[in-house]
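Fold and geometry: a report
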Amino acid sequence: MIDIVLVLEWTKSSDLELTMEFMNTVYALASKNKFVRIGIILFGKEPIPLLDLGEPDVFSDTINVIRNIPLLQHPAEPSLAITEAVDMLEDLSEPISTRRIIFTVASFSSRPKIRLEDALLYLRSVGNLNHYLFTTSNRRPRWISNDVAREINILRKGAIAKYLRKII
Amino acid sequence: MVHNIVFLLDTSLSMRKSHNDLTPNKLVAVRDAVDYIAVKMLKEKSKPVKLGMAVFFGKAYPLLCPTRDYGLVLDALSRLRIMGEGSAPGDGVVVSVKILRRVYGSKDVIMITDGGFNMGIPLDVAAIYAKNSSVRLIIISIGKIKDSDAFLIEEAVKTTNGVSYSVDTKAELFSKLKKIVEEITG
């Protein structure tokens, strides 16, 4: 079993088309595997859980709904959304028999109040989790430590499947 | 039995000030005291203790799931900083209980605060959630706090069968923390 939580920035700073492409690509890959469950958390200043871990079909319906959701308040706080994703995985998935993945897609365009590094420390202490960071911006953020910045993948239109195939 | 302790630390603006010999500010003094306990519990003694951490100001968030890894505790302590205005201790309690609901053993939250509660879920209401999750609240307040905050603290510890202390000096903070943790771990 693979449990995936998508943590997606939904503000005026994020590239929504790229974010939608990311979701559609995850769906395309996940729908081929009946052992994949997906959850979604959107975030701006606050995280909003949209979909608890479930089958890819439910995820597909939700993608269509997301298009109509108004932009969330700026500036984005990815750390709060990531800890919300941990809650979802901890509550709804079985760490022993499940591969647990969090994909965070964000612009990282402004320095959040709560440091990203704090959320990453929390992830490390929870354990049994793989976390991947993606940015919809053209460059990695400068406000973040080099170690974390190196972990951030820059999303390119049309190249998302290449990234995700290695992981899912 | 494993004893799980989450330190819930106030990182609001007022913690930037010093109080008596709690210098250079209250937050640094609290950090030193928690480090002292972590060294005692995780390195010097082989007690079955796991330490976690969460912080609150106008918001609250987790820093560490209960762990026996002193390196992780040290890493979390090194990240403590003044976060900003507002004080939402009830939100901090809820975050701490969420961390603890997935672990086995005894569950205690030690909150260290200087009061000024003005945001989020009321502390006495959050205490009901803690009690229902078998989490005990122990609250250390620093210096003189408002009567309304003191009332909430008393209600919260009463609800969870916990205890509260007031400290004014570094020695008091260290000794109270040591006493609390020794009582928890037997």
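Since the model is a prediction, treat every value here as computed from it, not as a measurement. (Residues numbered from 1 in each chain as written. Chains lettered and ligands numbered in written order. Predicted model: local features only at pLDDT ≥ 70, side-chain atom pairs only at ≥ 80, totals over all residues. Heavy atoms only, no water.)

1. Looking at the sheet that holds strand β1 (residues 3–10) of chain B
Strand pairing in a sheet is mediated by backbone hydrogen bonds. Such pairs are either parallel or antiparallel. Residue and element names in this part refer to chain B. Operational definition: For two strands to pair, DSSP has to find at least two bridges joining them. Every helix listed is a DSSP run of H or I at least four residues long, and every strand listed is a run of E at least two residues long, numbered separately from the N terminus. Simply put, an axis is a line fit to the C-alpha atoms, just over the touching stretch for a helix, and the angle between two N-to-C directions goes from 0 to 180 degrees.
In space, the six strands of this open sheet follow the order β3-β2-β1-β4-β5-β6, with mixed pairing throughout. Both edges of this open sheet fall to β3 (60–67) and β6 (163–167), since each of them pairs with a single strand only. Going across the sheet, the axis of each strand differs from the next one's by a mean of 15°, ignoring polarity. As paired elements, strand β5 (residues 136–142) and β6 share five bridges and run parallel to each other. Opposite Ser141, over in β6, you have Ser166 as the bridge partner.

2. Focus on the sheet that holds strand β6 (residues 152–154) of chain A
Residues and elements named next belong to chain A. Here six strands make up an open sheet; going across it, the order is β3-β2-β1-β4-β5-β6 and the pairing mixed. Edge positions in the sheet fall to β3 (47–54) and β6, since each of these pairs with one other strand and no more. Strand after strand, the sheet turns through a mean of 20° between neighbouring axes, direction not considered. Note: strand β1 (residues 2–9) against strand β4 (residues 99–106), seven bridges, orientation parallel. The residue bridging Val5 from the neighbouring strand is Ile102, located in β4.

3. A short note on the confidence of the model for chain B
Low pLDDT means the predicted atomic positions in that stretch should not be read closely. Threshold: pLDDT measures the predictor's confidence residue by residue and takes values from 0 up to 100.
When pLDDT is averaged along chain B, the result is 95; 99% of the residues meet or exceed 70. In the predicted assembly, ipTM is 0.88 and pTM is 0.91.

4. Observations concerning the interface of chain A and chain B
Convention followed: Here a residue-residue contact requires only that any non-hydrogen atoms of the pair lie within 4.5 Å. Here's the idea: put two parts together, see how much 1.4 Å probe accessible area each one loses, and the total over both is what we call buried area. Salt-bridge detection follows one rule: a side-chain nitrogen of Lys or Arg within 4 Å of a carboxyl oxygen of Asp or Glu. Amino acids outside the nonpolar list (Ala, Val, Leu, Ile, Met, Phe, Trp, Tyr, Cys, Pro) and the charged list (Asp, Glu, Lys, Arg) are all regarded as polar, and Gly is one of them.
Listed by partner, the interface residues are 17 residues for chain A and 18 residues for chain B. A per-residue breakdown of the area chain A buries against chain B is headed by Lys113, Leu121 and Tyr122 of chain A, which together make up 30% of the total. Residue Asp75 of chain B is joined to Arg124 of chain A by a salt bridge in which the shortest nitrogen-to-oxygen separation is 2.7 Å. Sorting the residues of the side of chain A that touches chain B by element identifies α3 (78–92) and α4 (116–126) of chain A as the ones contributing at least two each. It is α4 of chain A that provides the largest number of residues to the side of chain A that touches chain B, a total of seven residues. When the residues that make up the side of chain A that touches chain B are grouped by side-chain class, the tally is five nonpolar, two polar and ten charged.

5. Observations regarding the pattern of salt bridges
As a reminder, the rule being used: Think of it in three bands: with a 1.4 Å probe and only protein chains considered, a residue is buried below 20% of the maximum accessible area for its type, exposed above 50%, and partly exposed in between.
The full count for this structure, using the stated rule, is 17 salt bridges over all chains. Put simply, Arg100 of chain A and Glu90 of chain A hold a salt bridge, and the shortest N to O gap is 2.9 Å. Taken together, the residues span a long stretch of sequence, with Arg100 of chain A in strand β4 and Glu90 of chain A in helix α3 at a distance of ten residues. Here Asp118 of chain A makes a salt bridge to Arg79 of chain B, at a shortest N to O gap of 3.8 Å. Of this pair, Asp118 of chain A sits in helix α4 while Arg79 of chain B sits in the loop between α2 (70–78) and α3 (89–100), which puts the two residues in different chains. In this structure, Asp118 of chain A and Arg79 of chain B share a single accessibility class: buried. One salt-bridge network, in which partners are shared between bridges, spans Asp87 and Asp91 of chain A together with Lys98, Arg101 and Arg102 of chain B.

6. Describing the side chain of Ser107 of chain A
All names here are of chain A. With respect to the helices and strands, the residue Ser107 is situated in the loop between β4 and α4. Residue classification places Ser107 among the buried positions, given a relative accessible area of 2%. Setting aside its immediate chain neighbours within four residues, Ser107 contacts Glu9, Ser13, Ser14, Thr135, Thr136 and Ser137.

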